[in-house]
Each structure stands twice: as C-alpha cells, then as structure tokens.
Amino acid sequence: RVWNIERQLIAGQLFAMAETKIIAENFEGLEGMNLPVAQFVQAFMTNPYLVRKVALVTGFEEQILRSIPAEELLEVFVQWDTDSTGKISFDNFIQGVYQMRYRIKALQAQAARDEEQYVLADSVKRAKDAFDKAGKKGKDQLSLEDFIEALSDMDQLQRISAATELPVTFFESLSAVSLLDLFKQVDLDSSGTISLEEWVEALVQIRMSSYYERKTEEQEAMDAVREHAEAALNEGDADWNGEFDFMEFVTAFKTNSRFLRKVSLATSIPVQELRTLQTESLEDLFLSLDTDLSGTISFAEFVKGLAEIRLIRMESVGDHADSIEASVMNSAVMAATEAFEEADLSVLGELDLHTFVQALTDPVVATKVSQATSVPVEWFLSLTAEQLVDLFQDIDADSNGSISFAEWISALLRVRKANYEEDKAARQEEAKAIQKLAEEALEEGDLDLSGELDFREFIAAFRRNPRFVRKVAVATDTCVEDLESLDIEDLEEFFTELDTDGSGTISFEEFANGLLEIRLRRNAYSQEEVEAENQAIIDVAYLDALDAFSQADLGVTGELDLDAFYKALQDPGILEKVAWATNLPLESFANLTRKGIEELFVGMDFDSSGTISFNEWVAALVKTRQDVFLQEKLQQERAMGAVVEDAMAAMDEAQEDSSAELHLEGFIRAFQTKPSFLRKVSHATGLAIEEFKRLQESDLKELFSALDMDFSGTVSFTEFVQGLAAIRVAHENELQEAQHQAEASQQSARFVKDVMVNSAPEGKDSITAEDLIELLRFLDSKRWTAPKLEKLVDGLPWDRDGNLPLGHLVELLY
C-alpha cells in the first residue's frame, strides 16, 4: 500500500511538472517578471492579451476574468505571492496559473461526468419507451416480425432515432438482409427474440458511441481552432478590448489578409472563398457568432463558432474524400479485373499455383497488379518462389488450392485500400506539419500585405530574406543551401509550379499545397536513399561477418558448437570484426560472461541444432547491424524533428544582418546577451539553460568550430540544426547510460544484500565496526586507508550495541 501511495505521489509530481512546463512555454518572454502585486493587478486589468492567454491556458471564461473587480484580483494575487515578498515573480505567476488550471480542469471533468450520466439516463428512458411502443400488448419479447414492423413504422423510427441519435433515414435505408443482421446483433443470447434488456443495451450502446464520437470531434475542432482564433482576434481587434464589434469584424474580413489566413486555417475554408463574402453575408455570420446577442463577439464565442463551422466543413470535405476514395477503388477494381483476365489461362476461371506464379512473373500482369494495389511493380517481380507460394496461400481464402475471381479482387482491393488510407494519413500529417511554416513564410515574403506572393516578391524573398528561405527549406525538407543556389530561371519555374491557376500570383492555398507536394516528393526520395544506405550497410556487414567466421575454429563440421563459439569470442581479432559487422562497441562482446555468451549462442542457433552454421552466423550479425542502423537513424530523425523549429527561431534571434549564416562574433553575442536565443537552444538540445550560461568565450569558440563542419568560418542553418541534434542525441545517450548504470547498481545492491544476509551465520544479520573494518581491508587494503575507514565508521548509524544490519549497510554503501 505504501509503495502504491509513493507511486501515486511521484506520478502526481511528474504531472504537475509537465503541466507547469506547458504553462511556462505559453508565457515565454515573461521570465524576468517581478512586479509588485498592485502593479501586476493593474497590468492584468489593462492587458487583454494577457487575460486572453490566461483564459486559454486555464480554461477560464475570458469574460469572467475581465469582469473581476480590482479588489478581488488583489486578494487572489496576494495569495500567489507564496514567498511573501510583496511581488509576483514568474514562478509565482506560473504556479498560480497552474492552480487555476487544475481547479478548472477538475470542474470541467465533473461537468463532463454529469453530462455523460444525463445522456445515459435519457437514452435508457427513450429506449424503454420505444420498446414499450414496439411490443404487442402483454409481450415482453420482440420477435423478428415485431422488430421489422417497429422499424417500418415512422412514429417508432422517430422514437428509436431519439434514443440512438441516428437519423431516421439510416434505419429507412436498411435492406431486409441488413434488418436481419441487426436483429441478430441485438439478440445477444440468440434466443430468436429480443428482450427489454437486450433492446435497451443495444440502443444505449449506439447512443453512447455516437455521443463519445461527437464529443471527441468537438474537442479536436476546438483544439484545432483555438490558436488560430486567438491570432485572428489579435489581428482584427483594432481597439484591443478583447472583442469584435461589427465594424472591426467586417473591416478584418475586407482588408486584413493575415486575419483571413487565420480564419481559413481555423475553419478549413480557403482564403479565396472567405474573400468573396459580401457585407450581408458577413452580417449573418456576425449574428450567428454573437450567441449572447450583446452586439459584440467575445473570444469564447469566436472560438466556439469557428469550431462549429470547422465541423460542418470537415463533414463536407469528408463526403468529397469518400467520393475520391470510391473513384480510386473503382479504378483499382478495373485494373485488378484486367490483371486477372491476363493471368487466367484456364477455362475454369480460377488460378492454380502454377498459373499464379507464371502471372506474377509476367511484367504485363505484374504492372496491372501494381496499378490495382499501388505497390511498386518491382516488388512483385522480385518475389522468390517461396514468397510467391506464401502470397498465393494468403489470397486463397477458402484454402481450396485455387484463387477465384472474387478472392483475387478482394485481396487486391484490401491492399489498395490499406495503401490509400496510409497515404492519406501521411499526407494529412505532413500537411499539418507545414501549415504554420507555410503561413509564416508567406508573411515574410508578402511585402504589400495582399495575402499573396507576386513574382517580384517571390524573387526578393529568395534573394534577400533568409528567414523566408529557412521556413521554405524546413517546410519542404530541403537544404537551405539548395534553395539559395537557385538561379532566376529555376525560381521562375518554381513560381509557375506553385501558381496552379496561372493568375500571376501565389495564394496561401497554392503556396501551402505546393510546398506539401515538394515535401512528399522529398520524403519518397529520402526513403529511397535510406533503403540504398541500408543495403550498403548489409553488404559491408556481410563481408565483415564472413571474415570473422572464416577465422573461427570450425572443426570438421564447418560449424560452431558452444565451445568453439566461446573460444571465438575470446579471440581479439574475431571480436574486432564482430564489432565492425554489428557496429556495436567492442566492450559489449568482450565483457560478456560465460552465461551471456551461452544466451547469445542460443539466440543465433535459429534451428536449435546445437551448432551455428555460416548462414546463421551471418544472418544474426547482419540483422544486428540493420537493427543498430535503423535505431540510430530513428534517433537521429527524432532529434532533427525535435530541434528544427527551435533552431529556426534561435537563428532568427541571432541574425544581425541579411546573411543566412552565423558569424563567430554574432554567435558569441547571441549566447551572452540574448535570453530568448538561449532558451531555444536549451529546449532544442534538452540541456539546462544554466549549462550554456556557464560557457566562457573560449568554450563558445570551440562550440562554433564544432558546428562549422565545412570549415567555412560561418555556421549555416543546416550545420546549426545538425549540430544541435547531435548534442541532443549525445545528451539522451548520457541520460540513458546513467539510467542503465543506476539500474545495474540497484540490481548489484540487491544481489549483494541477498548474498550477505542469506550467507551470514544464523542469528548473525548485523556487523560490528571492527568486523566491517576487517572486511573492507581484506577486500581493498589500498583504497581503505585508516583515515577513510575512520570517517566511514563515524558516519554510519550504529545501534546501541554497536551493530549495523547487513541489509542497511548494503543500502548505505550503494
């Protein structure tokens, strides 16, 4: 019980630390704050941006925060001054906001539970009412006939619709077969009739599933909208009172391209579509958002309204996506049909194994199968005989030894749908990743604030604005240097590619979609590079493994038994080659105990024959090398992803001229005089900011030289990102190694404790000072000198009799 309590306390502390970190990041720039309480009250009452940010972070209604009298605010903020200095420091502020957030979240959670209970009770009540009306008098069970009759009656359908919140049209569209399937699903005990309990359980389950799905969608919409809505309100709220009046609202839509972009991002409605709204339409929109009819739109009303618009828009987009998917699948059916017709050489209309193998080794058929599945044709043509047999068996669903047309179509469409869903998810994820970058880049290059880039602005941005180039580079996953090397002809071609409607300007949607397409192409190319690199790694590992195996004593069998394996791993020459083959430290093999070597042997002896063949040896070492390579690649990619945004912001902070690189003097100044730069570098690398503050000028010069990988005398953005990522990886490895050492130390302590306690003579579970001194001198007389022993003995908690429990001694030592 004590352990569970401690665990809960630790979890609570970790949660609080994570929450306060999130809050602190939202108030970046206020770190040096240390205001008298009364002055802080004044700042809070006169700064709508601060109030809105507090409302966003805590979940408090902004209107409520703004309406609190100064006297009450003073009382609250005095309580935040926990160290009684009469001032509100940044830490005081963050802890106070955390307490607000914690209380609001608790209230929201209770409100959510109350709402859930209400929906559940209402659903049960309505389901019972529908059952009572559906059954015939005196009957407490519904037969299939009663069930179909109930779902054919409009009044009854409306009651069922009210209980489940599914539209009446859903039930009206059910065919006879579908109704029978639905009856079987509701009839849980397969009795042939539906009881009240079964009926209620089924309808309530449908209602609650719908409820949870809707709540999730609403929350996702609110989360997606909130940040953009805040930025839009900051753009359009001309008098900074924290609300929109009608004139501000219309003016923002008519004249502020940044405002339009924020609303577009929040609602998923293209900017061009928002531009077409006339004053009458804007008036209707204003009235629909002003839910309390106050004549102004508060931030809460703005967020909620945009979230509702987003949900409606996403539903429309979903319908469009469904039609696109249907078109894709229809094309896949046609290609799969043509492939089957090409492959089916028999009169039976089915493919046996021989015909199947013949078909998939035929480039014509393989190409059509590739078109149907969206799997590269090279993959099918590279399949071995064994792999083709496995594929045949997978497609042969009824295992009758042949593939029917239906099995063929079903299998190919299943693969096509999976690939389509995977591609769609990847595209959505990448689009989300570059959305903010595309917006920031457009704002950097849009000199006339028109919301679009003309050719002159486009060229100027690439030629004279390193911030624009960096954002485009990160968005497209391209090196800055590659973009900087583009000449006028290249940029003209690039502009034409992005200007898809040929209007002579690039809209935000064209810009974002164009950068997305480039990023996706770059991703595909990067994947090909990784696969080529992986193959090169395999080739090198194979040669090293071959070399190591050839040097081992194979005996007459040509294979390694356990003794020969053990002997091989004692040979420094073989160990070195094994380390090369696997790219693992030599020590990881050299330090293996006999037991560790036995476990490694069992792992490599795939066929459990008691010996390791050449193929088993090579396969094990090559697989280990691949695993190490992929792990290193994944860690590097994660580090680059975690670093790049902070690196970009840090570079922006450090930039002192229009050059795209950091010079030594500016680099040192950034570390010594720009706290925001330090915060970004600290966050990127995972190192505490104090670590960087301690760096002397000589240390900074060494760091600059390490980052300047091409020895050009400057640090480019690419070098900066790669360098920070390398520092982050090294730091993560250090933390991991420290954790491993701590775990090993704990394990060793437990082992020593068990040995000492269990091997002690009966009744001898403690040790005296004299015995301890004798033991330590015996173990290491050079280390344990008289002064050290005296200091150790004096510091130990001996009992009244001069004894110390053995278990306690081990815990203290470790």
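One can find the structure itself at the top, above this paragraph.
Reading the values: the criteria
Residues numbered from 1 in each chain as written. Predicted model: local features only at pLDDT ≥ 70, side-chain atom pairs only at ≥ 80, totals over all residues. Heavy atoms only, no water. Helix = DSSP H or I, 4+ residues; strand = E, 2+ residues; numbered from the N terminus. Buried < 20%, exposed > 50% of the residue type's maximum accessible area, 1.4 Å probe, protein only. Contact = heavy atoms within 4.5 Å. Areas by Shrake-Rupley, 256 points an atom, 1.4 Å probe, with all protein chains shown as cover. Lys, Arg positive; Asp, Glu negative; His and termini not counted. Charge placed at Lys NZ, Arg CZ, Asp CG, Glu CD. Polar contact = N/O pair within 3.5 Å; in protein donor to acceptor, adjacent residues only side chain to side chain. Core = buried A, V, L, I, M, F, W, Y, C linked by side-chain atoms within 4.5 Å. Patch = residues over 30% accessible without salt bridge, like charges linked within 9 Å, V, L, I, M, F, W, Y side chains within 5 Å. Salt bridge = Lys/Arg side-chain N within 4 Å of Asp/Glu carboxyl O.

1. Some thoughts on the overall build of the protein
Point 1. Secondary structure summary: the protein contains 39 helices and 14 strands in total.
Point 2. The C-alpha extent of the protein, read off along each of the three principal axes, is 90 × 90 × 80 Å.
Point 3. The burial tally for the protein puts 39% of its 814 residues in the buried class.
Point 4. Contacts spanning at least 24 positions in sequence make up 68% of the contacts within the protein whose residues lie at least 6 apart.
Point 5. When the accessible surface of the protein is totalled, it reaches about 45,800 Å², and 54% of it is carbon and sulfur.
Point 6. For the protein, the separation between the mean place of its 74 positive charges and that of its 155 negative charges on side chains is 6 Å.

2. Digging into helix 3 (residues 48-58)
Point 1. Most of helix 3 is tucked away, with nine of its eleven residues classed as buried.
Point 2. Taken together, the buried positions of helix 3 are occupied by Pro-48, Leu-50, Val-51, Arg-52, Lys-53, Val-54, Ala-55, Val-57 and Thr-58.
Point 3. N-capping of helix 3 is provided by Asn-47, with a side-chain oxygen placed 3.0 Å from the backbone N of Tyr-49.
Point 4. Looking one or two places after helix 3, you find Gly-59, whose phi comes out positive at around 90°.

3. Concerning the nonpolar core
Point 1. The biggest cluster of nonpolar side chains holds 87 residues, and the ones touching the most others in it are Phe-302, Phe-511 and Phe-720.
Point 2. The element best represented in this core is helix 31 (residues 614-654), accounting for eight residues.
Point 3. Among all residues touching Phe-720, those that are not within four sequence positions of it are Ala-647, Ala-650, Met-651, Leu-662, Phe-667, Phe-677, Val-681, Leu-707 and Val-715.
Point 4. Counting 29 residues, the second-largest nonpolar core is a separate cluster that includes Met-329, Phe-340, Leu-351 and Ile-403.

4. Here we look at a nonpolar patch on the surface
Point 1. On the surface, Leu-144, Ile-148 and Leu-180 cluster together into a nonpolar patch covering about 190 Å² of accessible area.
Point 2. Mapping Ile-148 onto the fold places it in helix 7 (residues 144-150).

5. What about the side chain of Arg-207?
Point 1. Summarising the element assignment, Arg-207 is placed in helix 11 (residues 196-236).
Point 2. Contact partners of Arg-207, with chain neighbours within four places excluded, come to Val-119, Asp-122, Ser-123, Arg-126, Ala-162, Ala-163, Thr-164 and Glu-165.

6. Digging into a negative patch on the surface
Point 1. On the surface, Glu-213, Glu-217, Glu-220, Glu-315, Asp-319 and Asp-322 cluster together into a negatively charged patch.
Point 2. Counting residues per element, the ones that place at least two in the negative patch are helix 11 and helix 16 (299-343).
Point 3. Note that Glu-315 resides in helix 16.
Point 4. The exposed category is assigned to Glu-315, whose relative accessible area is 55%.

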